[in-house]
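As a plain string of letters, each chain reads:
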Amino acid sequence: MSDQVFYVTTPIYYVNDNPHIGHAYTTVLADVLARYHRAKGDDSFFLTGTDEHGQKVEKAAKLHGMTPMEQCDKTVVNFQSLWKKLNITNDDFIRTTQERHEKIVSAVLQDLYDRDLIYQAPYTGNYCVPCERYFTDKDLVDGNLCPDCHRPTERLEEQNYFFRMSRYQEWLVEYIRTHEDFIQPAFRANETLGFLKQPLGDLCISRSKKRLSWGIELPFDHDYVCYVWFDALLNYVSAIGYGTDDARFRKYWPECRHLIGKDILTTHTVYWPCMLHAMGLDMPKSIFAHGWWLTGNVKMSKSLGNVVNPMDFADRYGVDAFRYFLMAAMTLGNDASFTEEDFISRYNSDLANDLGNLLSRVVKLTLRCFDGLVPQPEVLLEPEDKGLLACAGEAVAAVTSAVENMKLDRGLETVMNVVRAGNRYMEQTAPWTLAKEGKTKRLATVLYTAAETLRIVSGLLFPVMPEKMAELRRTIGMSEEDCRSVSFDQIRSFGTLRPGSRMQDIAALFPRIQTEKPSCAAAPAEKKKEPRIKEKKSVVIPEGIITIADLQKVRLRAARILSAERIADAERLLSLKIDLGNGDVRPLVAGIAKFYEPETLTGKTIVVVENLLPTVIRKHESRGMLLAARDGERLRLVTVDGECAPGSEIG
Ligand code: MSP
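All values reported here derive from a predicted model rather than from experimental measurement.

Engineer: Any details on helix α11 (residues 310–317)? Residues and values, ideally.
Structural biologist: Taken together, the buried positions of α11 are occupied by P310, F313, A314 and Y317. Projected down its long axis, α11 shows its buried positions confined to an angular sector of 95°, all on one face. Next to the buried residues of α11 lie α1 (21–40), α3 (68–85), α12 (319–329) and α13 (340–370). Of the residues trailing α11, G318 is marked for its positive phi of about 100°.

Engineer: Describe unusual backbone geometry, naming the residues involved and giving the relevant values.
Structural biologist: Here the bond from Q184 into P185 is cis, since omega is -10°, no more than 30 degrees from zero. If you trace the backbone, P185 turns up in the loop between β8 (183–184) and α6 (186–195). With an omega of 10°, the peptide bond running from W253 to P254 counts as cis. Positive phi is not limited to glycine here, since D142 has a value of about 45°. Relative to the helices and strands, D142 is located in the loop between β6 (133–135) and β7 (154–163). The exposure class assigned to D142 is exposed, which follows from its relative accessible area of 67%.

Engineer: Go over the site of the ligand, please, and point to the residues and values.
Structural biologist: Around the ligand sit 21 residues, and of these I12, H23, D51, D263 and W293 come closest. Within the backbone of G261, one N or O atom sits 3.0 Å away from an oxygen atom of the ligand. For the ligand, an oxygen atom lies 2.4 Å from a polar atom in the side chain of D263. Per-element tally for the shell around the ligand: the top contributor is helix α7 (residues 228–233), with 3 residues. Class assignment of the residues belonging to the shell around the ligand gives a composition of 11 nonpolar, 8 polar and 2 charged.

Engineer: Describe in detail the packing of aromatic side chains, supporting the description with residues and values.
Structural biologist: In the structure shown here, the tally under the stated rule is 37 aromatic pairs. Taking the centre distance of 6.2 Å and the plane angle of 10° together, the rings of F249 and W253 count as stacked. Relative accessible area serves as the criterion here: at 0%, F249 is assigned to the buried category. Here a set of aromatic residues connected by ring pairs shows up, and it is made of Y25, W293, F313, Y317, F322, F325, F338, F343, Y347 and F510. Lying across the ring of Y127, R211 places its NZ or CZ 4.8 Å from the centre.

Engineer: Explain the packing of α13 against helix α15 (residues 408–429) residue by residue, including any values.
Structural biologist: In the contact formed by α13 and α15, the axes pass within 10 Å of each other and the chain directions differ by 45°. By the angle between their axes, α13 is oblique relative to α15. Here α13 and α15 pass one another in a crossing that is left-handed. The segment α13 lies against α15, with D350, L351, D354, L355, N357, L358, R361, V362 and L365 engaging M416, V419, R420, G422, N423, M426 and E427. In terms of residue class, the contact of α13 with α15 is built from 8 nonpolar, 3 polar and 5 charged.

Engineer: Outline the sheet that holds strand β10 (residues 206–208), supporting the account with residue identities and numerical values.
Structural biologist: With antiparallel pairing, the 3 strands of this open sheet are ordered in space as β10-β12-β11. Two strands close off the open sheet at either side, each with one partner strand: β10 and β11 (217–218). When β11 meets strand β12 (residues 221–226), the two strands line up antiparallel, connected through 2 bridges. Within β12, the position partnered with E217 by the bridge is V225.

Engineer: A description of the sheet that holds strand β16 (residues 298–299) should follow, citing residues and the corresponding values.
Structural biologist: Whenever strands of a sheet pair, they do so through backbone hydrogen bonds, lying parallel or antiparallel. The strand order across the open sheet built from 3 strands is β16-β15-β17, with neighbouring strands paired in mixed fashion. What marks the edges here is a single partner per strand, and that holds for β16 and β17 (336–337). With 2 bridges connecting them, strand β15 (residues 293–295) and β17 associate as parallel partners. Paired with W293 across the bridge in β17 is A336.

Engineer: Before we move on, can you summarise the pairing of strand β1 (residues 5–9) with the specific residues and values?
Structural biologist: It is a general feature of regular strands that their side chains alternate between the two faces of the sheet. Judged by how many residues are buried, β1 sits mostly within the fold: 5 of 5 residues are covered. In terms of strand pairing, β1 meets strand β3 (residues 43–51) through 5 bridges, oriented parallel. Within β3, the residue paired with F6 across the bridge is S44. In the sheet, β1 pairs with strand β13 (residues 256–261) via 3 bridges, with the strands oriented parallel. Paired with T9 across the strands is H258, a residue of β13.

Engineer: Talk me through the packing of α6 against helix α10 (residues 265–279); I want residue IDs and the actual numbers.
Structural biologist: Between α6 and α10, the least distance of the axes is 10 Å, while the angle of their chain directions is 65°. For the element pair α6 and α10, the recorded crossing hand is right-handed. Residues R188, E191, T192 and F195 of α6 pack against L265, T266, T269 and V270 of α10. In the contact of α6 with α10, the residues fall into 3 nonpolar, 3 polar and 2 charged.

Thresholds applied
Numbers given to residues run from 1 along each chain, matching the order in which its sequence is written. With the structure being a predicted model, the display of local features is reserved for residues of pLDDT at least 70 and the display and counting of side-chain atom pairs for 80 or more, all residues being used for whole-chain, interface and lining totals. Remark: hydrogens and water are excluded; side-chain values derive from all non-hydrogen atoms of the structure. Burial status follows relative accessibility: with a 1.4 Å probe on protein chains alone, a residue under 20% of its type maximum counts as buried, one over 50% as exposed, and anything between as partly exposed. The numbering of helices and of strands both runs from the N terminus, where a helix is a DSSP run of H or I of at least 4 residues and a strand a run of E of at least 2. Comment: arc refers to directions from the helix axis out to C-beta atoms. Note on contacts: a residue pair qualifies if any of its non-hydrogen atoms lie within 4.5 Å across the two residues. In this text, near means that some heavy atom of the residue lies within 4 Å of the molecule or strand in question. In the analysis that follows, any N or O atom pair within 3.5 Å is treated as a polar contact, provided that within protein one partner can donate a hydrogen and the other can accept it, and provided that, for residues neighboring in sequence, both atoms belong to side chains. For this classification, the nonpolar set comprises Ala, Val, Leu, Ile, Met, Phe, Trp, Tyr, Cys and Pro, the charged set comprises Asp, Glu, Lys and Arg, and every other residue, Gly included, is treated as polar. Planes of paired rings set the category: under 30 degrees apart is stacked, over 60 is edge-to-face and the rest tilted, where pairs are Phe, Tyr or Trp rings (Trp by its six-membered ring) whose centres lie within 6.5 Å. Criterion for a charge above a ring: Lys NZ or Arg CZ within 6 Å of the ring centre, and within 35 degrees of the ring normal. Angles here are taken between N-to-C directions and fall from 0 to 180 degrees, while the axes themselves are lines fitted to C-alpha atoms, restricted in helices to the stretch in contact. In this scheme, roughly parallel covers angles under 35 degrees and roughly antiparallel covers those over 145, while 65 to 115 is roughly perpendicular and the rest are oblique. Take the far helix as your reference; a near helix turned counterclockwise from it by less than a right angle gives a left-handed crossing, and one turned clockwise gives a right-handed crossing. Between any two strands, pairing holds if DSSP finds at least two bridges.

Spelled out as structure tokens, the structure:
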């Protein structure tokens, strides 16, 4: 065991909704890093959890007719079961409603208050009553409209409590400038420094109970609760014994690496360092902000219906393949695209073809030529054997450095290059020919070298795909202990695979995913067959007539109109917001402005084509098309007769 400590955290996730790919990504990333560090022998501690207070949670609870605590208890299970499904090895799971956390938040608040680092003062802000939130002048749209619901905000003044954050501005700028690894990637440090060019205000850390009661009560004023971010950030220290177990706390703090998404940079690189400094604590080692997963180039959002559900995806294609894609397809720091097509293409090329092929070649030949027993290699290796093993050995160093430098995608690419080199080696040395020619000694060395390469590769990929790599290791005859965990110290030493141990025959480790479109490699005979069958069965379809299959392509659904407004300079157009059920709320532009006053439309249940390619009309996004009957000059909307839930299928 090394004497190094590695403490990694994910953001704690809001429990107002179910987990999505953003949550899954950071958690898998933290898990992979923790597993690499464990394999290196570091004393690792991996923390994740849930952020359970505040407005979002209180609002979701109201919507679902639950108490906030019921909302938390119900949703936290979805996070926990997803982590179980994704094989996440967190050492702790903190919930901010736990007593161990609330006590610490209270103690920190009291301490800062006692030291006059928290004070009371009037607060003036723009309050949106329906959203129950304050917005700054900068946030507002068109003067005083709420940026979320676009309704007018009210100017409110009330007493609040403030943390003297402004006091630390100069210190923070200097700290960031002199600690270049503190905020990563470097361009995010510049972003924070840019933010700090403006004078830093004091942070309002209280919320009046008149407006929000779901939070930790301020110990010095029972009419207020604590601002959710001030509460949440403290999880990183409350979970490891701050204020309760000093020895444990000192072991992990400040050896801490925070992983966050780019949207929560300011809270982590400005608020949090100032809070820690005021508390007299050292800064964490690093705060790394990753980019966002997009669908194609578009942001994922519920209303666009393009959010990847991690649970479904892992169910459909396998947990490890999903983990691999997340790690290989995102260059840390940048945004990346997640589409099913990209996933399948990477899966088929890296895992099914390259890795799957090498494994199957080695195992099949060993079964055929050596009764399935790992062969004894010759003492002297040929240059091509040494070349392959050197390439695999170098990958160990490359992956170690990729992990240190948060360049996981590059590390994985290096491992895949070893796999490709392994396949080339098989082609160059042609063990199948050696077998035919009876060159058993050379054959033994070649198969052993290739199997050793697989052992090294599987060790390097183990933190990313623990189950599949355990299966691979079992297949090439490694011990149960080696299938359960990996030690980086041992990966490198040649000869670890024991001659005489038994390999096992398995079906494909990564079965190829068949796509609907026939791949270029499809056999020509098969390609021909299909149209012939169709021709025989087909009937002549008169011009203008469609089949049931054509009709089924159009998905018609009932939708409720939530709002409608005119579009400036477009006298025919209205921009609607429609509800298609299950949280699918979308914009839709319709040419009905001459026939309907916008305010008469709200609440109507209409019929829309739901699966029309989204488009943008006069800078307004439109996702779907409504149906209407045209009667000469008049136009009437197609509506549903009586009560009907939004999203109901029509057909
Ligand atoms: N509760 C706060 C964090 C408090 S940490 C002390 C919070 N929670 S969250 O549930 O809204 O978001 C958690 C993380 O998900 C953020 O890091 C955010 O960047 C990330 N993601 C949300 N959508 C994402 C993608 N599409 N892609 C990648 N990550 C994104 O913020």
